[in-house]
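Coordinates in review
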Amino acid sequence: MSSIFTKIILGEIPCYKVAEDEHFIAFLDINPNAKGHTLCVPKKEINRIFDMEESHYLELMRFSRKVAKALEKTIPCDRIGISVIGLEVPHVHVHLIPINEMKDMTFQHKVKLSGEEMEALAKSIQESL
Ligand code: AMP
């Protein structure tokens with residue numbers, strides 16, 4: 001069965017899209033640790049990040065860096081934290097999280113944003129790419 005992220009990539013379910021190219025997509029995390037929490041996802045469905053072909057993995061990091069730079073320009077924060085977990089969704093994704101404190105990286109402290117706020121946020125990150 002396809003992962004929820006493959007369904008997003010195929011346009012079967014919606015997302016707040018931030019960036020896309022031939023091989024990768026970035027969209028806002030639906031349950032963010034902080035405003036601007038973004039996921040960078042390879043379109044090819046792979047479970048574990050270190051099972052990726054080296055060149056594909058390096059391209060994911062290049063894509064993630066580009067998105068992180070746009071996040072830095074858009075969201076006031078100390079820096080962009082990066083994490084790869086995948087225990088909930090077994091389809092590789094890089095979490096990019098605008099952080100100010102360690103708790104922003106714990107996945108226990110969540111923020112609530114309206115649909116309108118998420119849409120506006122995705123648009124302003126897109127414009128900073
Ligand atoms: P993990 O697999 O542990 O790295 O966590 C999966 C992440 O994906 C969580 O932060 C979820 O909030 C996020 N997530 C799950 N479903 C969606 C979705 N439909 N759109 C955006 N983010 C999602």
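Figured I'd write up the structure that's included with this text. (Residues numbered from 1 in each chain as written. Predicted model: local features only at pLDDT ≥ 70, side-chain atom pairs only at ≥ 80, totals over all residues. Heavy atoms only, no water.)

Let us now look at the packing of aromatic side chains. Going through the model one piece at a time under the given rule, you end up with three aromatic pairs. Taking the centre distance of 5.4 Å and the plane angle of 70 degrees together, the rings of Phe5 and Phe27 count as edge-to-face. Placement of Phe5 in helix H1 (residues 4-9) and of Phe27 in strand E2 (residues 24-28) is noted, with a sequence separation of 22 residues between them. A relative accessible area of 7% means that Phe5 is categorised as buried. A relative accessible area of 3% means that Phe27 is categorised as buried. Their ring planes at 50 degrees and their centres at 5.9 Å tell us that Phe50 and Tyr57 sit as a pair that is tilted. Looking at Phe50, the relative accessible area reads 70%, which means it is exposed. A residue is classified by how much of its surface remains accessible, and Tyr57, at 23% relative accessible area, is partly exposed. (Phe/Tyr/Trp six-rings, centres within 6.5 Å; stacked < 30°, edge-to-face > 60°. Helix = DSSP H or I, 4+ residues; strand = E, 2+ residues; numbered from the N terminus. Buried < 20%, exposed > 50% of the residue type's maximum accessible area, 1.4 Å probe, protein only.)

Let's shift gears to the environment of Cys15. Relative to the elements of secondary structure, Cys15 occurs in the loop between H1 and strand E1 (17-20). Beyond its immediate stretch of four places on either side in the chain, Cys15 contacts Ile8 and Phe27. (Contact = heavy atoms within 4.5 Å.)

What follows deals with the site of the ligand. If you check the shell around the ligand, you find 16 residues, and the closest are Asp29, Gly86, Val89, His93 and His95. Within the contact set of the ligand, an oxygen atom lies 2.6 Å away from a side-chain nitrogen or oxygen of His93. His95 is positioned such that a nitrogen or oxygen atom in its side chain is 2.8 Å from an oxygen atom of the ligand. Considered on its own, the ligand offers 510 Å² of accessible surface; in the complex 89% of this is hidden by protein. Elements supplying a minimum of two residues to the shell around the ligand: H1 and E2. The element that contributes the greatest number of residues to the shell around the ligand is H1, accounting for three residues. The residue inventory of the shell around the ligand, partitioned by class, reads ten nonpolar, four polar and two charged. (Near = heavy atom within 4 Å. Polar contact = N/O pair within 3.5 Å; in protein donor to acceptor, adjacent residues only side chain to side chain. Areas by Shrake-Rupley, 256 points an atom, 1.4 Å probe, with all protein chains shown as cover. Nonpolar A, V, L, I, M, F, W, Y, C, P; charged D, E, K, R; others polar.)

Attention now moves to the sheet that holds E1. Within the open sheet, the five strands sit side by side as E1-E2-E3-E5-E4. Their pairing is antiparallel. Each end of this open sheet is capped by a strand with a single partner; those strands are E1 and strand E4 (79-83). Averaged over neighbouring strand pairs, the angle between their axes works out to 20 degrees when direction is ignored. Relative to E2, E1 runs antiparallel, the two sharing three bridges. When the sheet's bridge partners are listed, Lys17 is paired in E2 with Phe27. (Pairing = 2+ DSSP bridges. Axes fitted to C-alpha atoms, helices over the stretch in contact; angles between N-to-C directions.)

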